[in-house]
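# Architecture and fold: a report
The residues making up each chain are set out below.
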Amino acid sequence: MADPTDREYVDRAIELADEAVERGNTPFGALLVLDGEVVAEDRNETLTENDLAAHPELTLARWAGRELDAEERARCTMYASTEPCPMCATGIHYAGIGRVVFGVAGETLDALTGDVVPIPCAEVIRRGDGDTAVEGPIAEAAAMELHESVCGES
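Residues numbered from 1 in each chain as written. Predicted model: local features only at pLDDT ≥ 70, side-chain atom pairs only at ≥ 80, totals over all residues. Heavy atoms only, no water.

Running from N to C, helix α2 (residues 56-67) and helix α4 (residues 86-95) point in directions that differ by 15°, and their axes come no closer than 8 Å. In terms of orientation, α2 lies roughly parallel with respect to α4. Like other packed secondary-structure pairs, α2 and α4 cross with a definite hand, here left-handed. Contacts between α2 and α4 involve Glu 57, Leu 58 and Ala 61 from the first element and Met 87, Cys 88, Gly 91, Ile 92 and Ala 95 from the second. In the contact of α2 with α4, the residues fall into six nonpolar, one polar and one charged. (Axes fitted to C-alpha atoms, helices over the stretch in contact; angles between N-to-C directions. Helix = DSSP H or I, 4+ residues; strand = E, 2+ residues; numbered from the N terminus. Parallel < 35°, antiparallel > 145°, perpendicular 65-115°, else oblique. Left-handed = near helix turned anticlockwise from the far one by under 90°. Contact = heavy atoms within 4.5 Å. Nonpolar A, V, L, I, M, F, W, Y, C, P; charged D, E, K, R; others polar.)

Here it is, written out as structure tokens:
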């Protein structure tokens, strides 16, 4: 169950998403928390790096796979501004991240943009027989406000 600290971390992920926009990318941000400490943060870089896989959630899952042992990864929570897409959810599953908490559901974002693969993160984890707990949305209005502001500029 989400607690007030979860909301603070998701709010930070939304700030990272805003920073991604300021740097010329689409609005996605994420961070990893291990035992109450932020150990890594990232922003979307798909446009500026010309890399369709440069989603912050996948980048952080890959980082965790290199830098943390399996027990540490199982104790991590990834906080994301938006529900991780199927590609990122698969990376999270393979990394063994213990928990994901997100701001806005992919389905909600898809209603705005029409370009989200509509498979929920929890479904990807479940179908992979994973143990990752997935919680959200917990900050839908705040996360959508950023997406709506960017879509309005297009």
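Let us now look at α2. With 12 residues, α2 should reach 16 Å at 1.5 Å per residue; the first-to-last C-alpha distance of 16 Å fits that figure. Restricting attention to buried positions, one finds in α2 the residues Pro 56, Glu 57, Leu 58, Leu 60, Ala 61 and Ala 64. At its buried positions, α2 is contacted by β1 (29-34), β2 (37-43), α3 (70-75), β3 (76-82) and α4. (Expected span 1.5 Å × (residues − 1). Buried < 20%, exposed > 50% of the residue type's maximum accessible area, 1.4 Å probe, protein only.)

Strands sit in the order β2-β1-β3-β4-β5 across an open sheet of five strands; the sheet is mixed. Looking at which strands have only one partner, the edges of the open sheet turn out to be β2 and β5 (133-135). Between one strand and the next, the sheet's axes are offset by a mean angle of 15°, whatever the strand orientation. When β1 meets β3, the two strands line up antiparallel, connected through five bridges. Of the residues in β3, the one forming a bridge with Leu 32 is Met 78. Of the strands in this sheet, β1, β2, β3, β4 (99-104) and β5 are in contact with helix α1 (residues 4-22), which crosses β1 at around 140°. (Pairing = 2+ DSSP bridges.)

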